[in-house]
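Structure at a glance
Here's the letter readout for the chains.
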Amino acid sequence: MNQLLSKIATNDGHGENSAFFDGWKAYDSDPYHPTRNPSGVIQMGLAENQLSFDLIQEWVRNNPKASICTAEGSNDFKDIAIYQDYHGLPEFRNAVARFMEKVRGNRVRFDPDRIVMSGGATGAQETLAFCLADAGDALLVPTPYYPGNDRDLTWRTGIQLLPVVCDSSNDFKITRRALETAYKKAQESNIKVKGLLLNNPSNPLGTVIDRETLTDSLLFTNEKNIHLICDEIYSATVFSQPGFTSIAEIVQENSDCNRNLIHIVYSLSKDLGFPGFRVGIVYSYNDIVVNCARKMSSFGLVSTQTQHLIASMLSDDVFVDRFIAESSKRLETRHGTLSAGLAQVGIGSLKSNAGLYCWMDLRRLLKEATFEAELELWRVIINDVKLNVSPGASFHCSEPGWFRVCFANMDDETMMVALNRIHKFVIQKKGCDQGSGKKQCRRSKLEISLSFRRLDEMKMVASHKMSPHSPMSSPLVRART
Amino acid sequence: MLSRKATCKSHGEDSSYFLGWQEYEKNPHDPVRNPSGIIQLGLAENQLSFDLLESWIAKNQEPIGFMKKGGSIFRELALFQDYRGLPAFKKELSEYMAAIRQDKVRFDPNNIVLTAGSTSANEALMFCLAEAGEAFLVPTPYYPGFDRDLKWRTGVEIVPIQSSSVNNFRIIPSALEEAYQHAQKLHLKVKGLFITNPSNPLGTTLSSHELDHLINFAIDKNIHIVSDEIYSGTVFDSPRFISIMEALKKKNLENTTIWSRVHIVSSLSKDFGLPGFRIGMIYSNSETLIAAATKMSSFGLVSSQSQFLLSRILGDKKFTRKYIMENRKRLKSRRKMLVSGLQKYGIRCLENNAGLFCWIDMRCLLSSYTFEAEMELWRRIIFKYGLNISPGSSFHCPEPGWFRICFSNMSEETLDLAVRRIKALVDSSAPNAC
């Protein structure tokens, strides 16, 4: 049977046959519950924003007309149900454009006619890859980066991702040197680089890219005449200074840059906490790309039922302003709780002001400064400490010992339980470890390119099929009619 | 600077099929505001039974209310992004699929992959079943969207299986073999057959003979069959619809190798008239395919909101049965209205028992038996007579003079007006031409 399916269908490009699914497996088979399973695994590997849902719920309850299924809203049912124009409902595009402007403090304007729908940011990334590059071409991506990029950008497109190596010596900031090195390496291997992908705010770092770096990246891409894709999916999760600078602002400030090279990826999954509704957006300054992406959006349009609801919600200025402010506050508080809790036991995390996670520094807990040791520590954290956190290697981090830990997908009590477990673990470990010499180990750039091969050797195929996205404990997964 | 895909024409939108829509957009008919505008007869949409859905929604506020249990349903849906889909929805969908196939086949919900419309399902199947440069054989005439959905980003080729009006465009074994040989000559490796049953644009269902030929051929060549059954809920007359799965069962081919090489595509866009909600699916007996396609569905998942709503609608079996029957009745009567109107003016329609359209024979109105004359006639029909109907060449029809005309996306009055305009067209042509 296998030879009758394509290579794409049978290779590992989807990324799910990796050792990192052990964490999901452990959580899935033993999920934490405060009363039913208080010693279960706590899910801290899912970057979801659940802290401000009560505000959304309140709005939906007070605005029955926004849903075509209510008595108040059902007059719109027919028109919404038959509308399949890939331009999308004008009111939806207008509302999304206005929302994106508000999130950027109204410092920029977005043209609703450049808003193109996609099947979540997952679909948006893939669409842009199809529009901008041919199979065999490459995109440069600063490390560490979101593991889904490998699937989204390369699986069906045939393009490759080349790392721009960043490290902790300067808090993982992207340097011109790193960009030039990556570009040169590609050229030496005869690989055509078509663009640079930035994630701002960053997953997994939780930091924003500063104005200088953004401007420099813009100059770099303009010089090389390559595209600049900015994934701004976490833009409304920025909760403290320095604030968020969007590439849209840099474009505004640099009127002589080549706008045809600039594209933004966005979604409502993180900022509003709606991953189930699949609202992805491609925003491009290039007319041909807008046109092409719009045709491709046929493969992943947003349900008009959802477009209608979102259009209504995001046009409510009072609600939106309140939501953005309140969500930031809650994220800041939760982030503070986690980072302070970690600091109490001497665990540092990268100073961050955005995102739904912390980038935790566990280097001093490693037996040795290797990725094998990181994996070993990770298995202990999952199986003994019972926390599903994500190891830096899964984000292609160049240094072992970093872990991403999510904080916005649980309630306060669960966060406390998690912190208690971390405290206990660190204290225990301090007692056990005697004189383990620390050896700083930086991976050479050559080793980065071999990293996946090494991980493949340790690969374990997840023994049962799982979705990498969903909360496994969702009652909807277990629902029976 | 951009990819080849972005700059080529493989998106297929320069086809006359889509150009006609553009002309309609510029000058759309409205009975009050623009009575002389172009009537849209090129859009295969089912708008005949919305009142049934609307009244169901009015009566069923409780089960579809998001804000039940303090809004927790809404919250759970908003967070639900599992690519395996809502179990309740897939269960209802599998039962609905069986119901419209008169329960001659059972469907296992675990073998369903949900996709954003059948557009996404068809593309995903191509990614899973073929490499770039390989080919699928597709019977002509076929839906113009396949040029985009099957070929554009996948790099897969379509090799047409020729047909003829002499036998009402039926699929015959020699045509299958010819297409296969043609592919060989072009050095294209054939990976499968791609059929649409019921057919768009013909509106006919495949006979059990045709299904047998197709299955035997696929066994012989060791290739896949993709059966796009998106119009299966629009079968309004006999002969009854036979799904590819039923045909396999009848031949006792369950659990043989061909069993896992047959895949069905469907959607709720045509049956229920809900194209906006983007609810499509792939059904296959191949576990490996299901696994791969499920992962791919990440690029176009179905909104959880829409899954929930449809799980409730389909879960009301009494309503669904009533809807299916009433919908069929209305489609049948609407077709009759169009066909009898056209027949009066000498325009013949292919005998059809399904779909949202008729395949009409306008050869008598051609100035010459050529595709250029077909285009000439088409331009006259749009610009002089204000009707957007779809020319056969856009469906890769091997013979000029055939057009597809849709009948379920407008009011009766508008359809009546369209028929009168066709009369005017016929009257203006050579006397006794038709």
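Bear in mind that the values here come from a model prediction, so they are computed numbers and not experimental data.

**Quick look at the overall build of chain B**
For chain B, the helix and strand inventory stands at 16 helices and 13 strands. Dimensions of chain B, computed from C-alpha atoms along their principal axes, come out at roughly 65 × 55 × 55 Å. Put simply, chain B has 434 residues, and 65% of those count as buried. Expressed as a percentage of contacts within chain B between residues at least 6 apart in sequence, the contacts between residues at least 24 apart total 74%. Total accessible area computed for chain B in this model is approximately 15,400 Å², and 51% of it derives from carbon and sulfur atoms. Distance between charge centres in chain B, computed from 53 positive and 45 negative side chains, equals 3 Å.

**Remarks on a positive patch on the surface**
Residue and element names in this part refer to chain B. Residues Lys-59, Lys-318, Arg-321 and Lys-322 make up a contiguous surface patch of positive charge. Looking at the positive patch, the element that brings in the most residues is helix α14 (residues 317-344), giving 3 residues. The residue Arg-321 is located in helix α14 in this model. Given the relative accessible area of 54%, Arg-321 is considered exposed.

**Brief notes about the packing of helix α3 (residues 50-59) of chain B against α14 of chain B**
All names here are of chain B. Viewed as axis vectors pointing N to C, α3 and α14 meet at an angle of 160°, and their least axial separation amounts to 10 Å. It follows that α3 is roughly antiparallel to α14 by the angle criterion. For α3 against α14, the interelement crossing comes out right-handed. Here α3 contributes Asp-51, Leu-52, Leu-53 and Trp-56 to the contact with α14, which in turn contributes Phe-319, Lys-322, Tyr-323, Glu-326 and Arg-330. Within the contact of α3 with α14, the residues separate by chemical class into 5 nonpolar, no polar and 4 charged.

**Quick notes on the pairing of strand β5 (residues 193-199) of chain A**
Residues and elements named next belong to chain A. Of all 7 residues that make up β5, 7 are buried, and the element is covered over most of its length. Both strand β3 (residues 138-142) and β5 contribute to a ladder of 3 bridges, which runs parallel. Paired with Ala-138 across the two strands is Val-193, which belongs to β5. Bridging between β5 and strand β6 (residues 227-231) involves 5 bridges; their strand directions are parallel. Its bridge partner being in β6, Gly-195 is matched across the sheet by His-227. For the crossover that starts at β5, traverses helix α9 (residues 211-224) and ends in the parallel β6, the hand is right-handed.

**Side note on the pattern of salt bridges**
Per the stated rule, a full pass over the model turns up 56 salt bridges over all chains. Across the salt bridge formed by Glu-101 of chain A and Arg-98 of chain A, the nearest N and O atoms sit 2.9 Å from each other. With Glu-101 of chain A and Arg-98 of chain A both in helix α5 (residues 90-103) and 3 residues apart, this pair spans about one turn of that helix. On the basis of relative accessible area, Arg-98 of chain A is assigned to the partly exposed category, the value being 32%. Note that Lys-91 of chain B and Glu-95 of chain B form a salt bridge whose closest N and O atoms lie 3.2 Å from each other. In this pair, Lys-91 of chain B and Glu-95 of chain B both sit in helix α6 (residues 87-99), 4 residues apart, roughly one turn of the helix. For Lys-91 of chain B, a relative accessible area of 31% puts it in the partly exposed group. On the accessibility criterion, Glu-95 of chain B (25% relative accessible area) is partly exposed. Through salt bridges with shared partners, one network takes in Arg-176, Glu-180, Asp-216, Glu-223 and Lys-224 of chain A.

**Looking at the UniProt feature "domain: Aminotransferase class I/classII large" (unreviewed entry) in chain A**
As recorded in UniProt, the sites labelled "domain: Aminotransferase class I/classII large" (unreviewed entry) are residues 42-422 of chain A. Regarding residues 42-422 of chain A, the helix share stands at 41% and the strand share at 15%, and the terminal C-alpha atoms are separated by 12 Å.

**Notes on the interface of chain A and chain B**
Contacts between chain A and chain B engage 86 residues on the former and 80 residues on the latter. Summed over both partners, the interface of chain A with chain B comes to about 7,600 Å²; 62% of that surface belongs to carbon and sulfur atoms. At the surface where chain A touches chain B, the tally comes to 3 salt bridges. A salt bridge links Asp-134 of chain A to Arg-4 of chain B; the nearest nitrogen and oxygen atoms lie 3.7 Å apart. Applying the counting criterion to the chain A and chain B interface returns 24 residue pairs in polar contact (both at pLDDT 80 or more). Sorting the residues of the side of chain A that touches chain B by element identifies α1 (7-10), α3 (53-62), α4 (77-82), α6 (120-132), α7 (148-154), α11 (287-296) and α12 (304-314) of chain A as the ones contributing at least two each. Classifying every residue of the side of chain A that touches chain B by side-chain character gives 42 nonpolar, 30 polar and 14 charged.

**Considering helix α2 (residues 21-29) of chain A**
Inspection of α2 of chain A places Phe-21, Asp-22, Gly-23, Trp-24, Ala-26 and Tyr-27 of chain A among the buried residues, and these make up the whole buried set. Here the buried face of α2 of chain A lies against β1 (42-43), α14 (371-383) and β11 (387-388) of chain A.

**So, the sheet that holds strand β12 (residues 390-391) of chain A**
By definition, the strands of a sheet pair up through backbone hydrogen bonds, in either a parallel or an antiparallel sense. Residue and element names in this part refer to chain A. Spatially, β9-β10-β13-β12 is the arrangement adopted by the 4 strands of the open sheet, whose pairing is antiparallel. Each edge of the open sheet carries a strand with a single partner, namely β9 (348-349) and β12. Pairing of β12 with strand β13 (residues 402-406), which is carried by 2 bridges, proceeds in the antiparallel orientation. Following the sheet pairing, Pro-391 is matched in β13 by Phe-403. This element, α14, spans β12 and β13 of the sheet and lies at about 30° to β13.

**Some words on the sheet that holds β5 of chain A**
All names here are of chain A. Read across the open sheet, the 7 strands follow the order β2-β8-β7-β6-β5-β3-β4; overall the sheet is mixed. Here the strands that pair on one side only, and so sit at the sheet edges, are β2 (115-119) and β4 (160-164). Looking at each pair of strands side by side, their axes are set apart by 25° on average, direction ignored. Relative to strand β8 (residues 279-284), β2 runs antiparallel, the two sharing 5 bridges. Note on β8: the bridge partner recorded for Val-116 is Val-282.

**A few points about helix α12 (residues 287-296) of chain B**
Judged by how many residues are buried, α12 of chain B sits mostly within the fold: 7 of 10 residues are covered. All of the buried residues along α12 of chain B are Leu-289, Ile-290, Ala-292, Ala-293, Thr-294, Lys-295 and Met-296 of chain B.

**Some thoughts on the side chain of Thr-204 of chain B**
By secondary structure assignment, the location of Thr-204 of chain B is in the loop between β5 (190-196) and α10 (208-221). On the basis of relative accessible area, Thr-204 of chain B is assigned to the buried category, the value being 9%.

Rules behind the numbers
- In this convention, every chain numbers its residues from 1, walking through the sequence in written order.
- Going through the entries in the order they are written, you letter the chains from A and number the ligands from 1.
- Local features in this predicted model are restricted to residues of pLDDT 70 or higher, and side-chain atom pairs are both shown and tallied only at a pLDDT of 80 or more, whereas totals for entire chains, interfaces and linings draw on every residue.
- Derived side-chain values reflect all non-hydrogen atoms in the structure, with water molecules and hydrogen atoms excluded from consideration.
- Only DSSP runs of H or I covering at least 4 residues are called helices, and only runs of E covering at least 2 are called strands; the numbering of each starts at the N terminus.
- In this scheme, a residue with accessible area under 20% of its type's maximum is buried, one over 50% is exposed, and one in between is partly exposed, where area comes from a 1.4 Å probe on protein chains only.
- Every residue pair with non-hydrogen atoms within 4.5 Å of one another is taken to be in contact.
- In these tables, accessible area is a Shrake-Rupley quantity obtained with a 1.4 Å probe, and a residue counts as shielded only by the protein chains included in the view.
- His is not counted here, nor are the chain ends, while Lys and Arg score as positive and Asp and Glu score as negative.
- For this purpose, a charge sits on NZ of Lys, CZ of Arg, CG of Asp or CD of Glu.
- What makes a patch is a set of residues exposed beyond 30% relative accessible area and free of salt bridges, joined within 9 Å when like-charged and within 5 Å when nonpolar (Val, Leu, Ile, Met, Phe, Trp, Tyr).
- Any Lys or Arg side-chain nitrogen located within 4 Å of an Asp or Glu carboxyl oxygen qualifies as a salt bridge.
- Lines fitted to C-alpha atoms define the axes, with helix axes restricted to the stretch in contact, and inter-axis angles between N-to-C directions lie between 0 and 180 degrees.
- In these notes the angle categories are as follows: under 35 degrees is roughly parallel, over 145 is roughly antiparallel, 65 to 115 is roughly perpendicular, and the rest is oblique.
- Helix crossings are classified by the rotation of the near helix relative to the far one: an anticlockwise turn of less than a right angle makes the crossing left-handed, while a clockwise turn makes it right-handed.
- Put simply, Ala, Val, Leu, Ile, Met, Phe, Trp, Tyr, Cys and Pro go in the nonpolar bin, Asp, Glu, Lys and Arg in the charged bin, and everything else, Gly too, in the polar bin.
- In this description, strands pair whenever DSSP reports at least two bridges between them.
- Crossovers are described as right-handed under a simple rule: with the strands pointing away from the observer, the path leading from the first strand over the helix to the second runs clockwise.
- UniProt positions are given in the numbering used here, feature names are shortened, and annotations may be inferred rather than shown by experiment.
- Throughout, the accessible surface (probe 1.4 Å) given up by two parts as they are put together, summed over both, is called the buried area.
- Throughout this description, a polar contact denotes any pair of N or O atoms lying within 3.5 Å of each other; where both atoms belong to protein, one of them has to be capable of donating a hydrogen while the other can accept it, and for residues adjacent in sequence the pair is counted only when both atoms sit in side chains.

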